[in-house]
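Given next are the chains, with one letter for each unit.
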Amino acid sequence: MFRRFELRVSQFILAIALMLLGVVFILILRSVSLVIAGKDLTSLAILISGLVFYAGVLIIVSMFQSETVLTIALLLPSIIAVAIFVYGFIGWSIRVSLSQWKGLNPDYTWVGLKQYYDLFNNDPRFVIDVRNTVMFTVGFIAGCLILGLGLAILLDQRLKGEAIFRGIFLVPMSISFIATGVIWGWLMNPATGNRITGINLIFQSLGLNSLISLWHSTPMPWGMAFTIIPAVWQLSGYTMALYLGGIRAVSEDLREAARVDGASEFEIYRYIILPILQPVTLSAVIILAHMSLKIFDLIVALGNKAISLDVPGIYMWVTTFDGTNYARGAAIGILMLISVAVLVVPYLVQSMRSETQL
């Protein structure tokens with residue numbers, strides 16, 4: 001692949017000039033800071049200088065006239081960045097979780113799996129986190145799948161204004177979890193008396209006082225169940241889109257053949273369409289579970305770090321940044337990573353195998 005090299009003098013000179021320019025500026029900026037309008041822009045300038053140097057490298061690489069070489073050169077920065085800022089930091093977090101670092105001064109004294117052992121055996125708050133996460137995940141996934149499938153089946157009936165309804169159902173997905181938490185925090189305001197608002201105010205106005213609830217402020221563990229409502233509201237539209245795409249992919253000839261054989265519409269969905277949608281369901285479960293295991297912003301917006309609504313993401317934040325127990329916080333983060341990997345990695349492996357067989 002290196003034999004197909006075509007030297008173009010003008011481009012080669014430009015490449016060398018760019019590379020030298022980038023190196024010179026990097027060396028200068030390492031000893032002299034770049035301050036503009038009172039702001040230190042040295043790091044940004046070094047990054048731009050590195051890009052200038054890399055532009056020269058790409059010009060030289062393009063002379064090899066090989067797509068393989070050019071592809072490697074284009075992907076190399078991304079590969080290096082991912083290796084450092086993703087896997088490198090994961091490795092550093094694992095090392096910290098195996099230490100006894102507590103406090104602002106780093107302490108990498110090796111303690112093995114002590115932090116993990118203490119989490120499962122000597123930390124009642126982490127037990128609450130696991131229970132809340134399991135409850136939230138199961139309810140969140142079940143609610144999104146049931147509601148999303150129901151909405152997809154309704155839209156599949158070719159209703160007038162389908163595009164409008166589809167857009168309405170998808171709008172919540174475009175809202176951040178923080179905004180959703182703020183909105184639903186007002187709707188599910190547990191205040192009573194003169195401060196009553198939201199859904200409880202509607203119940204009071206209709207004379208349905210028996211339905212007035214404390215919502216997410218309900219004592220453990222049921223308060224966590226109410227946090228599922230805004231999460232399902234936000235993501236059920238996304239699940240609907242997945243299911244609707246899968247349903248529309250089913251051949252109309254297959255449906256018509258089933259009707260000719262005497263199958264009702266219910267039987268068509270029950271015995272033909274739903275089995276075909278199993279890969280869609282699996283994908284939806286993986287995506288939703290991945291999101292639920294890392295949930296943080298929605299719970300914070302709703303409960304403001306209340307212990308009854310605590311989840312590993314919040315506990316990791318409080319432990320690491322509020323309590324400066326970096327070793328314990330890193331251990332919680334690694335456990336969250338493992339829980340997500342247990343779901344995602346087998347799914348990715350199976351998907352890659354399926355693509356290879358095709």
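Refer to the structure printed above.
Keep in mind the model is a prediction, meaning the values are calculated, not measured.

Caption draft 1: Inspection of the layout of surface pockets at higher detail. The calculated volume of the largest pocket comes to roughly 320 Å³. Looking at the largest pocket, it is lined by 15 residues, and the ones nearest its centre are Phe89, Ser93, Met316, Ala330 and Gly333. Taken together, the elements giving at least two residues each to the lining of the largest pocket come down to α3 (67-97), α15 (312-322) and α16 (326-357). Here the lining of the largest pocket takes six residues from α16, the largest share from any one element. Here the lining of the largest pocket is built from residues that sort into eleven nonpolar, four polar and no charged.

Caption draft 2: Quick look at α15. Every buried residue of α15 is listed here: Pro312, Gly313, Ile314, Tyr315, Val318, Thr319 and Thr320. Thr324, located one to two residues past α15, shows a positive phi value of around 50 degrees.

Caption draft 3: How the structure looks around the packing of helix α2 (residues 42-62) against α3. Two elements in contact, α2 and α3, have axes whose closest approach is 9 Å; the angle formed by their N-to-C orientations is 165 degrees. Relative to α3, α2 is oriented roughly antiparallel. Along this stretch, α2 crosses α3, giving a crossing that reads as right-handed. Across the interface between the two elements, Tyr54, Leu58 and Val61 of α2 pack against Val69, Leu70, Ala73, Leu74 and Pro77 of α3.

Caption draft 4: Up close: unusual backbone geometry. Phi at Ala37 is positive, roughly 55 degrees, even though this residue is not glycine. Turning to its location among the elements, Ala37 is positioned in the loop between β1 (35-36) and β2 (39-40). On the basis of relative accessible area, Ala37 is assigned to the exposed category, the value being 76%. Within the chain, Thr324 stands out as a residue other than glycine whose phi angle is a positive 50 degrees.

Caption draft 5: Expanded view of the environment of Glu265. Along the chain, Glu265 falls in helix α12 (residues 265-276). Here the alpha-carbon distance between Glu265 and Arg255, two residues ten residues apart in the chain, equals 8.9 Å.

Caption draft 6: Just the nonpolar core, in detail. One finds Phe136, Phe140 and Ile299 to be the most contacted residues of the largest nonpolar core, which totals 44 residues. Among the secondary structure elements, those contributing two or more residues to this core are α5 (124-155), α7 (177-187), α8 (198-205), α10 (228-248), α12, α13 (278-293), α14 (297-303) and α15. Counting residues per element, this core draws most heavily on α5, which supplies nine residues. Ignoring sequence-local partners within four residues, the contact set of Ile299 consists of Phe136, Met224, Thr227, Asn304, Leu309, Val311 and Ile314. Formed by ten residues, the second largest nonpolar core is a distinct cluster that contains Leu98, Leu119, Phe126 and Ala331.

How each quantity is defined
Residues numbered from 1 in each chain as written. Predicted model: local features only at pLDDT ≥ 70, side-chain atom pairs only at ≥ 80, totals over all residues. Heavy atoms only, no water. 1 Å grid on protein atoms, 1.4 Å probe; cavity = no way out; pocket = protein on both sides within 12 Å on 5 of 7 lines; lining within 4 Å. Points joined across faces, edges and corners; volume = space filled by probe spheres on them. Helix = DSSP H or I, 4+ residues; strand = E, 2+ residues; numbered from the N terminus. Nonpolar A, V, L, I, M, F, W, Y, C, P; charged D, E, K, R; others polar. Buried < 20%, exposed > 50% of the residue type's maximum accessible area, 1.4 Å probe, protein only. Axes fitted to C-alpha atoms, helices over the stretch in contact; angles between N-to-C directions. Parallel < 35°, antiparallel > 145°, perpendicular 65-115°, else oblique. Left-handed = near helix turned anticlockwise from the far one by under 90°. Contact = heavy atoms within 4.5 Å. Core = buried A, V, L, I, M, F, W, Y, C linked by side-chain atoms within 4.5 Å.

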